[in-house]
Structure formats: structure tokens, C-alpha cells
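Overview (structure and organization)
Chain by chain, the residues run as shown.
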Amino acid sequence: MGKTLFEKIWDKHVVKQIEDGPSVVYIDKHFIHEVTSPQAFSGIEKRGAQLFRPKQIVATADHNVPTMHQELPIKDALSKFQVDTLIENCKKHGVELYGLGHKYQGIVHVIGPELGITQPGMTIVCGDSHTSTHGAFGSIAFGIGTSEVEMVFASQCIMQSKPKVMRINIDGALKNGVVSKDIILYIIAQISASGATGYFVEYAGSAIRALSMEARMTICNMSIEMGARGGMIAPDQTTFDYIKGRLFAPQGAAWDQKLAAWKELYTDADAKFDVEINIKAEDIDPMITYGTNPGMGLSVRGTLPTIESFTDATEKQNYEKALAYMGLTAGQSLLGMPVQNVFIGSCTNSRIEDFRLVASIIKGKQKDPNIKTLIVPGSQEVAKQIKAEGLDKIFADAGVEIRQAGCSACLGMNEDKIPAGEYCISTSNRNFEGRQGAGARTLLASPLTAAAALLTGKITDIRDILN
Amino acid sequence: MQSLQKITSKFIPLRIENVDTDQIIPARFLKATTKDGFGKNLFRDWRYENDDETKPKADFVLNQKQYSGEILVAAKNFGCGSSREHAAWSIQDYGFKVVVSSFFADIFKNNALNNGVLPVTVSDAFLQQIFAQGADATLSVDLEAQTIAIDATGAEERFDINSYKKTCMLNGYDDIDYLLNMKPEIEAYEKANQ
């Protein structure tokens, strides 16, 4: 029997299989950031151990960096201490750091691919659940806890039980106004926030093949939001073209050698998945979430479920709790509802194509006067590209300010927060209670839907603007 | 890591599904550089009105005096969301040794195991039986036998854990000790795969 893409890479990286236990899996690339690494560094030091392969680690500061005046010292003392601790740890242990002020600084899942560090066939981990983003290149990439960060520091290996494999096929052509964020929000709404727990997901089908690398990253990024260990897409010419010529991409003869190996990275025709799901691309509308987990999503033209549609008492209670938090009513439509904030950013949607999409909608127009914005590029490189393409002028003319790179209001660890009780259309990945600030009400959507709200001040079907 | 063999304790029932790690420990408490003291901020925004420790929310189970114990029982998909191990640290620091649910998110489950907190997955039906008990009821968890019992009714269910993790937990070993002893094998792997 043939192998799945996942199995091909996994099998090649198993150093040892512990009997009735996890596999010891070799890790090619380890990304770290300031929030989930300090306790791992101190753990290693307490053991009197050394970092085993510091050259395979890349660090950046992203979660609690300010997105304005990055040239000034960080005001929040705790944030500053955490970022300073990262600098000190990286220096002491010989880890490459693209910290605040560095031209490569940015959200860890934006800079890895953009610098050509992320490559097909690799095993990649980071103390961050959105590490699944890197799976878009045909790598096994997943988020880990701090104890596991320490494991990789100590041994370049991690203990993992082999997950089951699921394939989600999306075939056909996307409707106008529908982008990759809508695909993944649609999938999660279909299978729920826990529907892929225990699985590693491969996304396949003609609709996936037609996507750019950045669009593919958006999909793999949110795999964790349906519980999946990770998500991946087989590499193809789109992947190879994206990587070629990037800073850390192989060059010359090394490129040819790698390319030949990468071309073997696909699921064999006779390979078996534990679960297979088929989705028609034309069934997908622009999506938006209404609740407090990413599975609570619907078409922007849809209506919220009725209370009666829940038969299970706990599920009903949870739905009512979500409605109360969100200030919404069962059965209502969201279209035309006023929102107060728009956040464009996060490891899900902060790449140059996202900014191009938004710019294409707001060009020559003015933002709604009541809308407050947090527009945050994913990296210094993205910020540079925005200027190089003149997109910054389009945003400025629309009355919208572009900030500096970081995770920002996705999780509100820095000062970028959404006020309690206010709605925010957000291109990020989580709508959990309080995620964007205590009491903040998050509505996840695509950059296009966010751009539409930017202009109208309310939840809008982007197709009404496009047509 | 602390070892764990058997425990009999009252439990705290948290009848909420999809409890995400942002609820377990909100992001603003992730700025620490040590593992200590997270327990006081466990479920912070469900526990207190306006982030004010002098204003506990009466309807939240951690604030209801009749409930106590070293076992937390939660509805399905507990620990979804971010990979922050701070969630496991806060549960452990608060004093829980066991978390029971009908379904755990993967990363949280690993993080709990790596910190001596035992995740026990039970059937939906058994979970409902636990929730039906009064505040004085106790549960008994026996890791060696891999069983969880409701003491008052005698109802018992077996739970799964792989034997490697079970041995680690029974003895208080951690994975890093194991991996540090594997260096020659790892170096050999690197050489063979260069």
C-alpha cells in the first residue's frame, strides 16, 4: 500500500519508536518566540544541559511587541522583560534572533516562509499552535508546549504519538468574493472546533492547487482551530516558485538536489486516510463567525441557528452562553449589523497578498468615520513591500493608518486591544471570549469582508461592493 | 515532575464545552518568565468581575464553596486553542492533579502529562453520571489500574494512556531525561540522514 504525504515525512524522521509509547521524532527546524521559550531555557540551564543544535533554531519577538514606535523602549515592564530575556537567552545559547529592530523581525509564521527557512519535507515545531501554517509547503509542522520546546532544545527531538490522517478535498472553482480564509472558516463550521482532533490533515483538490502559497498558508494556519495536530498541502510548482531565490533557500546544485526530493512529496494514489471529506468550492460563501469558537461560523448571508436546533442540553447551554457574550440573538441575520473595529493582521492574514486584497477594495474610497482600525503587517518585510507597492498611500488616502509588525490584537498581549462590548471584524484566527481584550466581541472573516466593513461600518457581503 | 498513583477526592464540575486556553489563562498573564504562581489567575475572567479579585462571580464554580478537590471535571473538548503550557501550569498550581473530560485537545493533553497532571478521558455517559453527583461526592482515580470510579455509586470506567506515559507519571520521570540519554542514537540518525 502507498503512503500519504504525512507518512512519507513522518517515517523519515522517526529516530526511535518506543514500544506502546510515542515516537521519538527528529526536528529539522525549531522556531521560538518570547512567550513560550523562557521557561524552556531556564529548564535546560537547571539541568546543566546545553542546547543540542542551536543552529537549527530561529527566534523572533512577536507576541508582545508594540506596533507603534518600535524604535522606543517597550513601555510595559513585563513585556519588556520577556523580550529582553529572549535577547539574553539567544545570546547566551548561540541562537539566531530576528528581534525588535531587525529587518527580518515579524510574526514567526510569516517570517519563516518569507525568508525561505520553511521548506518541503521538513519537520518544524514552535511553541505556538499556529505552527501548522508552515504545512502549506508540504512539511510536518505543529505547535508544542514549553516542556516540548525544552525537549527540542535538549535533543532536537520530540516525543509524539503518530496522529491519524485525514484528507479534505476541495474541488471546483471559488465564487467571486470568496478567498482562502472563507474556505477554512467553512470547513471548521462544517466539522466543528474539535472535528479534527487527533488527526493530521492534508488539504487537496483543484481549489487548493489553484491557490497561491500565501492563501495556502491561511488554510493550514487554522488547522488547529478544528483541533487538528497540523495541516499540510503537497508541494507543487507554486511552492517551488515561491521558495526559489529566497534568502535561506538552497541555491545552485543544492537547489536541484532538493527540488528532486521535494517532487517526491505527494500522497500515493493507493494510500489510505482514516477519514476523507469532500467539499465543493462553489458551496462556499464569504464566511463570518458569530460565536466564541471558530466552529461557530456561517455564510455572511446566513442566519444564526435557532435555540430549538440544539437537542443536547450542554450544547444548548453553551450556545446561549456564546450568544450572551456576543450580544446576539438566535435566528438573527448579521448582514447590516454595525461594527466598531476592524483588525487586519495576525499569522493568518497579514501577508502582502492580504494587503493587496484590502487595497483593491478601499482604493479611492474613505473608511467609515465610526470604524476604528488596527492594520498590522506580519513582518518588517511585508511592511517594506507595502511601501514599495504604494499600498501605504491607498490606505492613508482612505484614512487608515498602517502599524508596525507583530501579533497585535489577535491576542491583545500588547496594548492593541478591542474595548469591552465592541464588535471587531478580525482577519485573525480565534474568537474566544476575551481573546482580543476583556469583553471584546470578535467576528472572524476574510480580508475582503474586513475591507468591506472598513468602508461601510457594518457587516457587509463583499459581493455587494464587487458587483 | 511529581509522581501520581492513586487519588480519591471531591471534584469541581465545570459544565462548559470547548473550554479554550484563553479562558484557562488569559494572554495578559503570559508575560511571566517562570512557571510559578499561575494558579491565582486560573479562569481569571470567569472567576472575577472586571478583573477584580475582591469581586468573585458567584455563578462560577471555583467560587462556590461547596465545591472543592484535586479533580477538575469539564465538558467535552477541554483545552482547545493555543499551545500555551501556562494553561497546564495554572491548573497544576491551583491544586488539580487530575482533569476529567469526554474529549481533550491534543496539545493540552501533552502539556498536562508533561506537568504531572493526569488527563482522564471518559465516555459522554460516564461524564453525565459524574455531573449528576452532589457536591460531596468523591471520585477515585487509579493510574496503575487505569480506572476512574464514582465512589457513591460504584460506577467505574477504564481509561486509556500509553504505557510509556503511564510509567513516566507513576514514577515522576520526564521525557527530557529519556531524550538526553538518547544522544548517541540521535547523532547516528543525523549522520545517516545528512
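For the structure, see preceding data.
Summarised in this report is the structure supplied together with it.

Definitions and cut-offs
- Residues numbered from 1 in each chain as written.
- Chains lettered and ligands numbered in written order.
- Predicted model: local features only at pLDDT ≥ 70, side-chain atom pairs only at ≥ 80, totals over all residues.
- Heavy atoms only, no water.
- Salt bridge = Lys/Arg side-chain N within 4 Å of Asp/Glu carboxyl O.
- Helix = DSSP H or I, 4+ residues; strand = E, 2+ residues; numbered from the N terminus.
- Pairing = 2+ DSSP bridges.
- Axes fitted to C-alpha atoms, helices over the stretch in contact; angles between N-to-C directions.
- Contact = heavy atoms within 4.5 Å.
- Buried area = accessible area lost by both parts, 1.4 Å probe.
- Polar contact = N/O pair within 3.5 Å; in protein donor to acceptor, adjacent residues only side chain to side chain.
- Nonpolar A, V, L, I, M, F, W, Y, C, P; charged D, E, K, R; others polar.
- Core = buried A, V, L, I, M, F, W, Y, C linked by side-chain atoms within 4.5 Å.
- Buried < 20%, exposed > 50% of the residue type's maximum accessible area, 1.4 Å probe, protein only.
- Parallel < 35°, antiparallel > 145°, perpendicular 65-115°, else oblique.
- Left-handed = near helix turned anticlockwise from the far one by under 90°.
- Phe/Tyr/Trp six-rings, centres within 6.5 Å; stacked < 30°, edge-to-face > 60°.
- Lys NZ or Arg CZ within 6 Å of the ring centre and 35° of its normal.

Under the counting rule described, the total for this entry stands at 36 salt bridges over all chains. For the salt bridge of R53(A) with E190(B), the shortest nitrogen-to-oxygen distance reads 2.6 Å. Of the two residues, R53(A) sits in the loop between α2 (38-47) and β4 (57-60) while E190(B) sits in helix α8 (residues 183-192), which places them in two different chains. A salt bridge links R301(A) to D464(A), with the nearest nitrogen and oxygen atoms 3.0 Å apart. Of this pair, R301(A) sits in the loop between β14 (297-299) and α11 (313-326) while D464(A) is found in helix α16 (residues 462-466), placing the two residues 163 residues apart along the sequence.

Working definition: the strands of a sheet are paired by backbone hydrogen bonds and lie parallel or antiparallel to each other. Residues and elements named next belong to chain B. With mixed pairing, the 7 strands of this open sheet are ordered in space as β4-β3-β2-β1-β5-β6-β7. Two strands bound the open sheet, and with one partner strand each, they are β4 (118-121) and β7 (156-158). Going across the sheet, the axis of each strand differs from the next one's by a mean of 25°, ignoring polarity. When strand β1 (residues 6-14) meets strand β2 (residues 71-74), the two strands line up parallel, connected through 4 bridges. Within β2, the position partnered with L14 by the bridge is A74.

With 65 residues of chain A in contact, the opposing surface of chain B contributes 53 residues. Note on chain A versus chain B: buried area summed over both sides is about 4900 Å², and carbon and sulfur give 56% of it. Between the two partners, chain A and chain B, sit 6 salt bridges. Put simply, R47(A) and D174(B) hold a salt bridge, and the shortest N to O gap is 2.6 Å. The interface formed by chain A and chain B holds 29 residue pairs in polar contact (both at pLDDT 80 or more) in total. Elements with a minimum of two residues in the side of chain A that touches chain B: α1 (5-13), β1 (14-17), β2 (23-26), α2, α3 (77-93), α5 (146-155), β8 (157-160) and α11 of chain A. With 7 residues, the single largest contributor to the side of chain A that touches chain B is α5(A). Here the residues of the side of chain A that touches chain B sort into 22 nonpolar, 26 polar and 17 charged.

Attention shifts here to the nonpolar core. Residue and element names in this part refer to chain A. Among the nonpolar cores identified, the biggest contains 93 residues, and I32, F153, I168, I170, I187, Y203 and M226 are the most heavily contacted of them. The biggest single contributor to this core is helix α6 (residues 180-191), with 7 residues. Discounting residues that sit within four places of it in the chain, I168 has contacts with I187, V201, E202, Y203, A204, M226, I277 and I279.

All right, on to the pairing of strand β5 (residues 138-142) of chain B then. When a strand is regular, its side chains alternate between the sheet's two faces. All names here are of chain B. Across the 5 residues of β5, 4 count as buried, placing the element largely inside the fold. Relative to β5, β1 runs antiparallel, the two being bridged by 5 bridges. The residue bridging I7 from the neighbouring strand is V141, located in β5. If you look at the hairpin formed by β5 and strand β6 (residues 147-150), you'll find 4 residues sitting between the two strands, and Q146 has a positive phi there, around 55°.

This part is about the sheet that holds β1(A). Residue and element names in this part refer to chain A. If you walk across this open sheet you meet the 3 strands as β1-β2-β8, and the pairing is antiparallel. The sheet is open, and its two edges are formed by β1 and β8, each paired on a single side. Across the sheet, the mean angle from the axis of one strand to that of its neighbour is 20°, orientation sign disregarded. Where β2 and β8 come together, 4 bridges link them in antiparallel fashion. Considered in β8, the bridge of V25 is made with I158.

The next point concerns the environment of G205(A). All names here are of chain A. By secondary structure assignment, the location of G205 is in the loop between β10 (199-204) and α7 (206-209). Judged by relative accessible area, G205 falls into the buried class, the value being 17%. With 28 residues separating them along the chain, G205 and I233 place their C-alpha atoms 9.8 Å apart. Other than its neighbours up to four places away in sequence, G205 contacts I170 and D171.

Helix packing for two helices is described by the angle between their axes and how far apart those axes are. All names here are of chain A. Between α6 and helix α8 (residues 213-221), the least distance of the axes is 8 Å, while the angle of their chain directions is 20°. Looking at the two axes, α6 sits roughly parallel to α8. The crossing of α6 and α8 is right-handed. Residue-level inspection shows S180, K181, I183 and I184 of α6 in contact with α8, the latter providing A215, T218 and I219. For the contact of α6 with α8, the residue count by class is 4 nonpolar, 2 polar and 1 charged.

Our next topic: the packing of aromatic side chains. Residues and elements named next belong to chain A. Counted according to the given criterion, the structure contains 20 aromatic pairs over all chains. Taking 5.3 Å as the distance between ring centres and 90° as the angle between the ring planes, the aromatic pair formed by Y98 and Y104 counts as edge-to-face. Taken individually, Y98 and Y104 each receive the classification buried, so the pair is uniform in this respect. By the ring-pair criterion, three or more aromatic residues cluster together here, those being F6, W10 and F200. Here the basic side chain of K8 rests over the ring of Y266, its NZ or CZ set 4.0 Å away from the ring centre.

These figures capture arrangement, not role.
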